[in-house]
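In case you want the letters, here they are:
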Amino acid sequence: MERTMSEAPNSPKKATDCSIAEDNKKALRFIEEVTTNVDEVQKRVLAEILSRNANVEYLQRHNLNGHTDRETFKKVIPVITYEDIQQDINRIANGDKSPIFSSQPISEFLTSSGTSGGERKLMPTIQEELGRRLQLHGLMMSVISQFVPDLEKGKGMYFLSIKSEAKTPGGLPARPVLTSIYKSPYFSNRRLSPYANYTSPAETILCPDTYQSMYSQMLCGLCQNKEVLRLGSYFASGFIRAIRFLEKHWSLLCNDIRMGTINTQITDLSVREAVMKILKPDPELADFIEAECSKESWKGITTRLWPNTKYVDVIVTGSMSQYIPTLDYYSNGLPPVSTMYASSECPFGINLNPFCKPSEVSYTLIPTMGYFEFSPIHRSNEVPNSISMSESPNEKEQQQLVDLVDVKIGQEYELVVTTYSGLYRYRVGDVLRVAGYKNNTPQFTFVCRENVILSIDSDKTDEVDLQNAVENAVCNLMPFDAHVTEYTSYADTATIPGHYVLFWELSMNVPTPIPPSVFEDCCLTIEESLDSVYRQGRASDKSIGPLEIRIVEIGTFNKLMDYCVSLGASIDQYKTPRCVKFAPLVELLNSRVVSSHFSQTCPNWVPGHRQWNNMN
């Protein structure tokens, strides 16, 4: 099949210096072409999606009648959220194989980190979508090769892991997008790609046991420390967890390297066999690692142990920006690089200036990945650095969403996407700000997830969910004739893993002291009330620490209001922020804490959706 302008170059089959250089040039030329002719490409992408799916039930339901032009599409197809199509998605999950969204078979569901009704959203996808995601990765590596030559001559030490997955009642896999990629044939054959040579054998990444996976990946990375040219994990939080893991287990790892054996706690036979192909007795390396890890300060530990590393490949935008100071401490200023912008719904774009400051990261949407529209966001900020609620577009505004070429510098928008997999004018929920241009294509900074107030890892808790959880928890206080008069929260990343902190001010009608165990029950009740992504992070992935409630002195929230008013907030319109990020506000609250309580057990969580589990 002849390659059109909108098709990215394929990944190379076998790398040679000459072929790598040529593929990189092709990729960079492709980026130039599609970002220059962006509106032409977007029109063609939309027409292609609508043409191939002309007979699907969803488009027929809305009377598109085979039209492929942008004007008719915008007139008859509504802007939607997940809840609008959840009934159709449930049909597919339960085994309906008719072409509801896509003319091509739905191959699996990608589980979104956003939730609906407390459960992960299920994003239908088709087999070819994996190719677009890999194309985006190939484009990104060609961009980085301009800044760091000869990357293909070394290895990447990436801490990657699979998450629990489930099967829908109809038999389709339901799993996170990264788990889908790691379990794909591409990943097992990744050494054919010059930039996918990792220190971790596939068996260590695919190991479902969190401890064994992390231990074996760290062991392999240390054994090959001189070959490592880049470090990374998907999120900054994951990379920092890996370094804290090393801080806790370095003496066991050193012993394995010194003796050429694997710790008996690693019981997975496939993992042991894969690691033994790499591990050899190396007393000199063990002594070096021991000497570095024994030092009082761990500042710059990553550059000390992996001296040839050029950058840290982690997402540090959005909620991950809270980890930048810790990342800088461990890496001694090694550049953190946020490479790509993608979601379960669709791959979106890449960072064309990967070595910019984290605060300046912007993503160029690649117009071949899907059809993009933008809904203007109107926000108000009364409290410094608190999360404000964005307004949803009304019906008139929905029909007047702007196209990729029509966004304005400095304006914030919610991203709306139409995908090859069969999502049509779907609200992604990401708030983006236009930062600049690459040729005729806008570049966006990621501002936040709409309405999300708390996030540690892949969890996203909004104000409504938090309010409901607190209301459930305060029932534990009723026997003591006490209630919560005011509360706020923040994501504490000083601990690894990070954890949610709630500040509670109480009103007590009787002087009877409340036992600490009651507040611990409150902590667990809140956790049990939060969505499945949070509960998985706590119970299975261990990427989120136990929730904490800090009881503050009476009058604390009046002082919080006084402080906010002194900074310019209107006293008439002031309402307590349900999340605080501004450091002086957190300090004020912490200065008035009288007691602190943690959840003592993990909340309940099992893979899959509740209704599926109830069927078993």
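Cut-offs applied
- Residues numbered from 1 in each chain as written.
- Predicted model: local features only at pLDDT ≥ 70, side-chain atom pairs only at ≥ 80, totals over all residues.
- Heavy atoms only, no water.
- Disulfide = S-S within 2.5 Å.
- Buried < 20%, exposed > 50% of the residue type's maximum accessible area, 1.4 Å probe, protein only.
- Helix = DSSP H or I, 4+ residues; strand = E, 2+ residues; numbered from the N terminus.
- Domains from an automatic or database assignment.
- Contact = heavy atoms within 4.5 Å.
- Salt bridge = Lys/Arg side-chain N within 4 Å of Asp/Glu carboxyl O.
- Nonpolar A, V, L, I, M, F, W, Y, C, P; charged D, E, K, R; others polar.
- Arc of directions from axis to C-beta.
- Polar contact = N/O pair within 3.5 Å; in protein donor to acceptor, adjacent residues only side chain to side chain.
- Pairing = 2+ DSSP bridges.
- 1 Å grid on protein atoms, 1.4 Å probe; cavity = no way out; pocket = protein on both sides within 12 Å on 5 of 7 lines; lining within 4 Å.
- Points joined across faces, edges and corners; volume = space filled by probe spheres on them.

Draft legend 1. Broad picture of the state of the cysteines. One pass over the structure, following the stated rule, counts zero disulfides. Residue C346 stays outside any disulfide, its sulfur separated by 20 Å from that of C448, the closest cysteine. Classification of C346 as buried rests on a relative accessible area of 0%. Here C602 is not cross-linked by a disulfide; its sulfur's nearest cysteine counterpart is in C523, at 13 Å. Classification of C602 as partly exposed rests on a relative accessible area of 33%.

Draft legend 2. Geometry of the environment of A21. Position of A21 among the secondary structure elements: in helix α1 (residues 17-36). The spatial distance from the C-alpha of A21 to the C-alpha of S145 is 9.2 Å, given a sequence separation of 124 residues.

Draft legend 3. A look at the domain arrangement of the protein. Assigned domains of the protein: these are domain 1 (16-111 + 124-148 + 359-378 + 401-450), domain 2 (153-309) and domain 3 (452-598). The distance between the C-alpha centroids of domain 1 and domain 2 comes to 33 Å. Taken together, the contacts link 20 residues of domain 1 with 18 residues of domain 2. Summed over the shared surface of domain 1 and domain 2, the number is one salt bridge. Residue R175 is joined to E108 by a salt bridge in which the shortest nitrogen-to-oxygen separation is 2.7 Å. Among the secondary structure elements, those contributing two or more residues to the side of domain 1 that touches domain 2 are α1, α5 (82-93), β1 (108-116) and α6 (129-147). When grouped by side-chain class, the residues that make up the side of domain 1 that touches domain 2 number nine nonpolar, seven polar and four charged.

Draft legend 4. Layout of helix α17 (residues 463-473). When we look at burial in α17, the residues that qualify are L466, A469, V470 and A473. Viewed end-on, α17 has its buried residues packed into an arc of 100 degrees, placing them on one side of the element. Among the structural elements, β17 (452-454), β18 (461-462), β19 (482-492), β20 (499-508) and α18 (516-529) are those in contact with the buried residues of α17. Its side-chain oxygen 3.2 Å from the backbone nitrogen of V464, D462 forms the N-cap of α17.

Draft legend 5. The sheet that holds strand β6 (residues 228-235), seen in detail. Taken in spatial order, the four strands make up an open sheet running β3-β6-β7-β8, and their pairing is parallel. With one partner strand each, in any of the chains shown, β3 (155-158) and β8 (336-337) form the two edges of the open sheet. Pairing analysis gives two bridges linking strand β7 (residues 311-315) to β8, with the strands arranged parallel. Paired with D313 across the strands is V337, a residue of β8.

Draft legend 6. Broad picture of empty space enclosed by the protein. Enumeration over the complete set of coordinates arrives at two cavities of 30 Å³ or more. In this structure, the largest cavity spans a volume of roughly 160 Å³. Around the largest cavity, the lining comprises 19 residues; the ones closest to its centre are T111, R120, W605, P607 and G608. The element contributing the most residues to the lining of the largest cavity is strand β2 (residues 119-125), with three residues. The class makeup of the residues in the lining of the largest cavity is eight nonpolar, six polar and five charged. There is about 40 Å³ of room inside the second largest cavity. In this structure, the second largest cavity is lined by R120, K163, D457, S458, D459, V533, G537, D541, S543 and I544. For the lining of the second largest cavity, a count of residues per class yields two nonpolar, three polar and five charged.

Draft legend 7. The arrangement of unusual backbone geometry in detail. A cis amide bond links I496 to the next residue, P497, at an omega of 0 degrees. Mapped onto the elements, P497 comes out in the loop between β19 and β20. A positive phi angle is found at N332, which is not glycine, with a value near 55 degrees. In this structure, N332 sits in the loop between α15 (324-331) and β8. Overall, N332 belongs to the partly exposed group, its relative accessible area being 48%. Its identity as a non-glycine residue notwithstanding, K542 has a phi of 55 degrees, on the positive side. If you trace the backbone, K542 turns up in the loop between α19 (532-539) and β21 (548-552).

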